[in-house]
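# Close look at the chain arrangement
Now for the letters of each chain:
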Amino acid sequence: QVQLVESGGGLVQPGGSLRLSCVVSGNTLSISRMGWYRQAPGKQRELVAVITHVGSTNYADSVKGRFTISRDNAKNTVYLQMSTLKPEDTAVYYCNAWSSIVGDLWGQGTQVTIFS
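Fair warning: this is a prediction, and the values are worked out from it, not measured in the lab.

## Comments concerning the overall build of the protein chain
- Helix and strand content of the protein chain: zero helices and eleven strands.
- Reading the helices (α) and strands (β) of the protein chain from amino to carboxyl end gives β-β-β-β-β-β-β-β-β-β-β.
- Its C-alpha radius of gyration of 13 Å places the protein chain within 12% of the 13 Å reference for a compact globule of 116 residues.
- Overall, the protein chain is about 45 × 25 × 20 Å in size when its C-alpha atoms are taken along their principal axes.

## Observations regarding the sheet that holds strand β3 (residues 18–25)
- Read across the open sheet, the four strands follow the order β1-β3-β8-β7; overall the sheet is antiparallel. Each having just a single partner strand, β1 (3–7) and β7 (67–72) make up the two edges of the open sheet. Pairwise comparison of adjacent strand axes, ignoring direction, gives a mean angle of 15° for this sheet.
- Of the pairings in the sheet, the one linking β3 to strand β8 (residues 77–82) comprises six bridges and is antiparallel in character. Bridging from a neighbouring strand, leucine 20 pairs with leucine 80 of β8.

## Focus on the pairing of strand β5 (residues 46–51)
- Pairing of strand β4 (residues 31–39) with β5, which is carried by five bridges, proceeds in the antiparallel orientation. The partner of methionine 34 across the bridge, within β5, is isoleucine 51.
- Taken together, β4 and the strand that follows it, β5, pair antiparallel across an intervening segment of six residues, in which glycine 42 is found at a positive phi of about 75°.
- Here β5 runs beside strand β6 (residues 57–59); their pairing, made up of three bridges, is antiparallel. In the sheet register, alanine 49 faces β6, and the bridge partner there is tyrosine 59.
- Between β5 and β6, which pair antiparallel one after the other, the connecting turn spans five residues, and glycine 55 there sits at a positive phi close to 95°.

## Here's the deal with the side chain of serine 30
- Residue position: serine 30 is located in the loop between β3 and β4.
- Judged by relative accessible area, serine 30 falls into the buried class, the value being 7%.
- Of note is the side chain of serine 30, whose polar atom sits 2.9 Å from the side chain of serine 99.
- Not counting residues within four places of it along the chain, the set of residues in contact with serine 30 comprises Val2, Trp98, Ser99, Ser100 and Ile101.

## A word on the state of the cysteines
- Under the counting rule described, the total for this entry stands at one disulfide.
- Two residues, cysteine 22 and cysteine 95, share a disulfide whose sulfurs are 2.1 Å apart. The sign of the S-S torsion, about -85°, decides the handedness of the disulfide formed by cysteine 22 and cysteine 95: left-handed. Taken together, the residues cysteine 22 in strand β3 and cysteine 95 in strand β9 (residues 91–99) connect sequence positions 73 residues apart. Take cysteine 22 and cysteine 95: they sit in the same class, and that class is buried.

## Examining the environment of isoleucine 101
- Inspection of the secondary structure puts isoleucine 101 in the loop between β9 and β10 (103–106).
- Between the C-alpha atoms of isoleucine 101 and asparagine 27, which are 74 residues apart in sequence, the distance is 9.3 Å.
- Apart from residues lying up to four places away in sequence, isoleucine 101 is in contact with Asn27 and Ser30.

What counts and how
- Residues numbered from 1 in each chain as written.
- Predicted model: local features only at pLDDT ≥ 70, side-chain atom pairs only at ≥ 80, totals over all residues.
- Heavy atoms only, no water.
- Helix = DSSP H or I, 4+ residues; strand = E, 2+ residues; numbered from the N terminus.
- Rg over C-alpha atoms; globule rule 2.2 N^0.38 Å.
- Pairing = 2+ DSSP bridges.
- Axes fitted to C-alpha atoms, helices over the stretch in contact; angles between N-to-C directions.
- Buried < 20%, exposed > 50% of the residue type's maximum accessible area, 1.4 Å probe, protein only.
- Polar contact = N/O pair within 3.5 Å; in protein donor to acceptor, adjacent residues only side chain to side chain.
- Contact = heavy atoms within 4.5 Å.
- Disulfide = S-S within 2.5 Å.

Taken by themselves, the reported measurements are silent on function.
Shown next, in the form of structure tokens:
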């Protein structure tokens, strides 16, 4: 069984930074692509960034140049460094992993709130 546990959310002012972490435990050998999604109140969950097992990345246009996704395969951890945060970045952020055995896996989510 694979589990994803996020951490690092919180409250920050516009222009600030946060780093989210997601630790993957269990059958990590089956994991390839990992990523971060977010869901704001009243909106659908949307892709923020993804990273493959070899480090190729892809970002939503709204976060390009401000967010950086990375992974440490030795620690089974994926990170999302968020900078120049805006109020519209406020959402619950979910860690995602794709397993060749069970498909899409999700963490429990961590709240990120940008406020003035």
